Amino acid sequence: LWLRDVRISPAGRNIAFTYRGDIYKVPVSGGQAVRLTAQPSYESLPIWSPDSRSIAFASDRDGSQDLYIMLADGGAARRLTTYSGTETPESFSHDGKYVLFSSAIQDPVESAAFPSGRLTELYRVPAGGGRIEQILATPAQMVSPSSDGSFFLYQDQKGMENEWRKHHTSSVTRD
């Protein structure tokens with residue numbers, strides 16, 4: 001009942017998931033799950049790099065929920081973001097050079113959206129570490145880039161929809 005955030009690798013060989021605040025990996029054929037993180041903090045939301053060699057994830061090991069990256073076989077994780085708010089990993093870029101994430105850092109002045117910590121913006125950070133860059137000023141979740149990087153698909157968020165409420169239809173329902 002504690003399994004969360006299940007993601008299959010792009011190569012289709014392994015599944016990463018969260019269990020009781022740690023990241024695990026298991027072959028798609030089944031077998032023994034391997035624990036990849038072992039911190040007293042809460043790790044979650046693993047995402048695979050396009051080559052299936054790295055996993056980015058969220059962790060509160062330094063206070064706020066920041067992004068970290070590690071090899072898919074485990075080992076030391078490297079911190080990618082240091083913002084005092086919450087960063088949520090969404091996807092890697094098509095070429096694996098960037099990690100795309102959602103966070104409520106800075107609404108553009110021309111934005112018509114109500115400034116709220118619940119309505120995030122989409123950002124990217126180099127997978128090797130570095131400066132973050134805003135990609136989209138409106139909330140974009142479940143981002144999936146095209147194979148050539150020319151566009152991405154995403155789920156929008158217009159307001160405070162309860163995603164677990166079945167058949168909800170209103171002006172804040174996600175597309």
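Structure: above.
Residues numbered from 1 in each chain as written. Predicted model: local features only at pLDDT ≥ 70, side-chain atom pairs only at ≥ 80, totals over all residues. Heavy atoms only, no water.

Novice: I would appreciate a short explanation of the pairing of strand β11 (residues 121-126) in the present structure.
Specialist: Regular strands show a simple pattern: their side chains alternate between the two faces of the sheet. Looking at chain direction, strand β10 (residues 98-103) and β11 are connected through 6 bridges and run antiparallel. Bridge pairing in β11 links Leu 100 to Arg 124. With 3 bridges connecting them, β11 and strand β12 (residues 133-136) associate as antiparallel partners. The residue bridging Leu 122 from the neighbouring strand is Leu 136, located in β12. (Pairing = 2+ DSSP bridges. Helix = DSSP H or I, 4+ residues; strand = E, 2+ residues; numbered from the N terminus.)

Novice: It is not clear to me how the nonpolar core should be interpreted in this structure. Could you clarify?
Specialist: Among the nonpolar cores identified, the biggest contains 11 residues, and these are Ile 47, Ala 56, Leu 67, Ile 69, Leu 80, Phe 92, Val 99, Phe 101, Tyr 123, Val 125 and Ala 127. Within the residue set of this core, elements represented by two or more residues are β7 (64-71), β10 and β11. In contact with Leu 67, other than residues within four places in its own chain, are Phe 57, Arg 78, Arg 79, Leu 80, Thr 81, Glu 87, Thr 88, Pro 89, Val 99, Phe 101 and Val 125. Judged by nonpolar contacts, the second largest core, of 9 residues, contains Ala 16, Leu 36, Trp 48 and Ile 55. (Core = buried A, V, L, I, M, F, W, Y, C linked by side-chain atoms within 4.5 Å. Buried < 20%, exposed > 50% of the residue type's maximum accessible area, 1.4 Å probe, protein only. Contact = heavy atoms within 4.5 Å.)

Novice: How do you make sense of the sheet that holds strand β8 (residues 78-79) when you look at a structure like this?
Specialist: Within a beta sheet, neighbouring strands are joined by backbone hydrogen bonds and run either parallel or antiparallel to one another. With antiparallel pairing, 4 strands are arranged side by side in an open sheet as β5-β6-β7-β8. Of all the strands in the sheet, just β5 (43-48) and β8 have a single pairing partner and so form its edges. By the bridge criterion, 7 bridges tie strand β6 (residues 54-62) to β7 in an arrangement that is antiparallel. Within β7, the residue paired with Ser 59 across the bridge is Asp 66.

Novice: Mind showing me how you'd approach the sheet that holds strand β2 (residues 14-19) here?
Specialist: Pairing within the open sheet is antiparallel, and its 4 strands lie in the order β1-β2-β3-β4. Each of the sheet's edge strands pairs with one partner strand only, and the pair in question is β1 (3-8) and β4 (34-35). In this sheet, β4 lies alongside strand β3 (residues 22-27) in antiparallel orientation, the contact comprising 2 bridges. Note on β4: the bridge partner recorded for Lys 25 is Val 34.

Novice: Just checking my understanding: could you explain the pairing of strand β9 (residues 88-92) for this structure?
Specialist: Within β9, 4 of the 5 residues are buried, which leaves it mostly tucked inside the rest of the structure. Across 4 bridges, the pairing between β9 and β10 is antiparallel. Following the sheet pairing, Pro 89 is matched in β10 by Phe 101. The antiparallel pairing of β9 with β10 creates a hairpin that spans 5 residues between the two strands, and Gly 96 there sits at a positive phi of about 80°.

Novice: So what exactly am I meant to see when it comes to the environment of Val 34 here?
Specialist: Along the chain, Val 34 turns up in strand β4. Looking at Val 34, the relative accessible area reads 42%, which means it is partly exposed. Measuring from C-alpha to C-alpha, the distance between Val 34 and Ile 23 comes to 8.6 Å, with 11 residues separating the pair along the chain. When neighbours within four sequence positions are excluded, Val 34 is seen to be in contact with Ile 23, Tyr 24 and Lys 25.

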